[in-house]
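Each chain, letter by letter, is given below.
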Amino acid sequence: MPAIGFVNGTFMPLEQATVSVEDRGYQFGDGVYEVIRTYGGTPFRMEAHVARLERSAKALGLPMPYSNREWGELVAEGLKRAEFAESKVYIQLTRGVAPRDHAFPAGSRPTVVMTIRELRPLARAIGEAGVEAITLDDIRWGRCDIKSVNLLANVLARQRAKEAGAFEAIFVRDGTVTEGSVSNVMIVKAGRVITAPEGPRILSGVTRSLVLDLARKEGIPVEERTVVLEELRHADEVFLCGTTVEVLPVVRIDGRDVGTGKPGPVAARLSERFKQAVT
Ligand code: PDD
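Values in this document were obtained by computation on a predicted structure and should not be read as measured data.

## Considering helix 3 (residues 68–82)
Taking 1.5 Å per residue, 15 residues should reach 21 Å; helix 3 reaches 21 Å between its end C-alpha atoms and fits that length. Buried within helix 3 we find Trp 71, Leu 74, Val 75, Gly 78, Leu 79 and Ala 82. Along helix 3, the residues classed as buried sweep out an arc of 135° about the axis, all on the same side. Projecting away from the buried face of helix 3 at angles above 90 degrees are the exposed residues Arg 69 and Lys 80. Taken from the residues just after helix 3, Glu 83 is the one with a positive phi, measuring 60°.

## Quick word on the site of the ligand
The full set close to the ligand counts 17 residues, and Tyr 33, Glu 179, Val 206, Thr 207 and Thr 243 are the nearest of them. Within the side chain of Tyr 33, an N or O atom sits 2.6 Å from an oxygen atom of the ligand. The contact in question runs from an oxygen atom of the ligand to an N or O atom on the side chain of Thr 243, over 2.5 Å. Here the ligand, which alone exposes 480 Å², has 91% of that area covered by the protein. Under a 2 Å grid-point criterion requiring more than half of the atoms, the pocket assigned to the ligand is the largest pocket. Contributions of two or more residues to the shell around the ligand are made by strand 3 (31–39), strand 9 (176–180) and helix 6 (206–217). Within the shell around the ligand, the residues separate by chemical class into five nonpolar, nine polar and three charged. Mapped onto the domain boundaries, the shell around the ligand takes at least three residues apiece from domain 1 (4–118) and domain 2 (124–278).

## Notes on a nonpolar patch on the surface
Taken together, the side chains of Leu 152, Val 155 and Leu 156 present a nonpolar region at the surface, about 300 Å² in accessible area. Looking at the secondary structure, you find Val 155 in helix 5 (residues 152–163).

## Examining the layout of surface pockets
In this model, the largest pocket occupies a volume close to 1100 Å³. What lines the largest pocket is a set of 45 residues, and nearest its centre among them are Tyr 33, Val 35, Lys 147, Val 182 and Thr 244. Elements supplying a minimum of two residues to the lining of the largest pocket: strand 3, helix 2 (46–59), strand 5 (87–94), strand 6 (111–118), helix 5, strand 9, helix 6 and strand 14 (237–242). Residue contributions to the lining of the largest pocket peak at five residues, all from helix 5. Classifying every residue of the lining of the largest pocket gives 22 nonpolar, 13 polar and 10 charged. When residues of the lining of the largest pocket are assigned to domains, at least three map to each of domain 1 (4–118) and domain 2 (124–278). For the second largest pocket, the calculated volume is near 380 Å³. What lines the second largest pocket is a set of 19 residues, among which Arg 124, Gly 127, Val 247, Ser 271 and Lys 275 lie closest to the centre. Looking at the lining of the second largest pocket, the elements with two or more residues in it are helix 4 (124–129), strand 15 (246–253) and helix 8 (265–278). Considering every element that reaches the lining of the second largest pocket, the biggest residue donor is helix 8, with five residues.

## Observations regarding the packing of helix 2 against helix 3
It is the contact of helix 2 with helix 3, at a shortest axis distance of 10 Å, that shows an interaxial angle of 120°. Viewed along their axes, helix 2 and helix 3 adopt a mutual orientation that is oblique. Where helix 2 crosses over helix 3, the two elements pack in a sense that is right-handed. Touching Met 46, Val 50, Leu 53 and Glu 54 of helix 2 are Asn 68, Trp 71, Gly 72 and Val 75, all from helix 3. Each residue belonging to the contact of helix 2 with helix 3 can be placed in one class, and the counts come to five nonpolar, two polar and one charged.

## Things to note about the pattern of salt bridges
Within the structure shown, the criterion is met by 26 salt bridges. Linking Glu 224 and Arg 216 is a salt bridge whose minimum nitrogen-to-oxygen distance equals 2.9 Å. Residue Arg 273 is joined to Glu 218 by a salt bridge in which the shortest nitrogen-to-oxygen separation is 2.8 Å. With Arg 273 in helix 8 and Glu 218 in the loop between helix 6 and strand 12 (222–224), this pair connects stretches of sequence that are 55 residues apart. We classify Arg 273 as partly exposed; its relative accessible area is 27%. Here Glu 218 falls in the partly exposed class, since its relative accessible area comes to 24%. By sharing partners, the salt bridges in this structure join Asp 138, Arg 140, Arg 173 and Glu 179 into a single network.

Analysis parameters
Residues numbered from 1 in each chain as written. Predicted model: local features only at pLDDT ≥ 70, side-chain atom pairs only at ≥ 80, totals over all residues. Heavy atoms only, no water. Helix = DSSP H or I, 4+ residues; strand = E, 2+ residues; numbered from the N terminus. Expected span 1.5 Å × (residues − 1). Buried < 20%, exposed > 50% of the residue type's maximum accessible area, 1.4 Å probe, protein only. Arc of directions from axis to C-beta. Near = heavy atom within 4 Å. Polar contact = N/O pair within 3.5 Å; in protein donor to acceptor, adjacent residues only side chain to side chain. Areas by Shrake-Rupley, 256 points an atom, 1.4 Å probe, with all protein chains shown as cover. 1 Å grid on protein atoms, 1.4 Å probe; cavity = no way out; pocket = protein on both sides within 12 Å on 5 of 7 lines; lining within 4 Å. Sits in = over half its atoms within 2 Å of the grid points. Nonpolar A, V, L, I, M, F, W, Y, C, P; charged D, E, K, R; others polar. Domains from an automatic or database assignment. Patch = residues over 30% accessible without salt bridge, like charges linked within 9 Å, V, L, I, M, F, W, Y side chains within 5 Å. Salt bridge = Lys/Arg side-chain N within 4 Å of Asp/Glu carboxyl O. Points joined across faces, edges and corners; volume = space filled by probe spheres on them. Axes fitted to C-alpha atoms, helices over the stretch in contact; angles between N-to-C directions. Parallel < 35°, antiparallel > 145°, perpendicular 65-115°, else oblique. Left-handed = near helix turned anticlockwise from the far one by under 90°. Contact = heavy atoms within 4.5 Å.

Okay, structure coming up:
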C-alpha cells in the first residue's frame, strides 16, 4: 500500500506530491502544521488538532482553507486510500507560492499539503525501559505556542540528542524547563505532576492536555507552573508526552539518573490510563 499525498485538493501517491520552489513554506518557513495519529484506524483528537491548526494559522494571518467538517472528510478520505492499520497524518498550510519577498504577497493562495504514512509505534521495550534526555538552551523564538514549520532549533536539538545517544532534548530557557524538541515534559515530585504552563514558551500539546486530565481523574495533584532546572534534576520521575511518544518515562538526564533510574509509578499509571483512553 502506498503512502498518500495531497496537494491543494488532489490526492496522489506520495512520491508524486510536489510544490513549487517558490512556495513560502519552503523559502521562509511561512506556514503551520499538525501531526495526527490514528488509533484503531481513527484519527485521535482530530478536533483538538484542527482547532490548534486554526489558532496557529490565525496567528500568522493565514486563512483556514477548510471547515472542521471538510478537514475531517479529507483526512478520512486519505486514510481510506492509504489503508494502513495505523497512520500518521501530516497537515501543512503555508502562505502559498509567490516571488520571494519577505512581506506578505498580495493575492497568494495558501498551499495545503497532507501526507499519510504508515505509523510505526515506538517499540514497547522503549516505553518499558524509559529513555535518556539531554538538556539544551532553548534558542527558539518567542512564539513556541504556534505550531510553525520553522523547526530549525528543534531539528538541531534533536540531532544533538541523537549524537549524545539520547532520545530527546529538553529545552531550558532562563533556567526554566520549557518542553522537549518533539514533546512536552512533565516532572513528578512528592506525588504531584508538574509541567510548564501554557503560553508562548511551549506548544500546548494535545497529549499534554489529555494526560493532565487523566492525572486529575486519578486524583493525582497537577501543577501547571514554571519548573526550574534544579527541579528537573531532582525530580522523582520525569516523562515526555506527545502524539509520537505518547507517555514516555525519562530515566537519565545529562548522564545522571532520574529518581531511581527506572520508570516510576506515576508515569506507569498515566501510561496505562493513556492506553485505555486511546483504545
Ligand atoms: N510534535 N512540543 C513540541 C515542540 C512538539 O513538536 C510536539 C509534537 C509536542 C506535543 O504535542 P502533541 O501532543 O499535540 O503532539 C510538544 C509533533 C508530533 C511533530 O512535530 O512531529
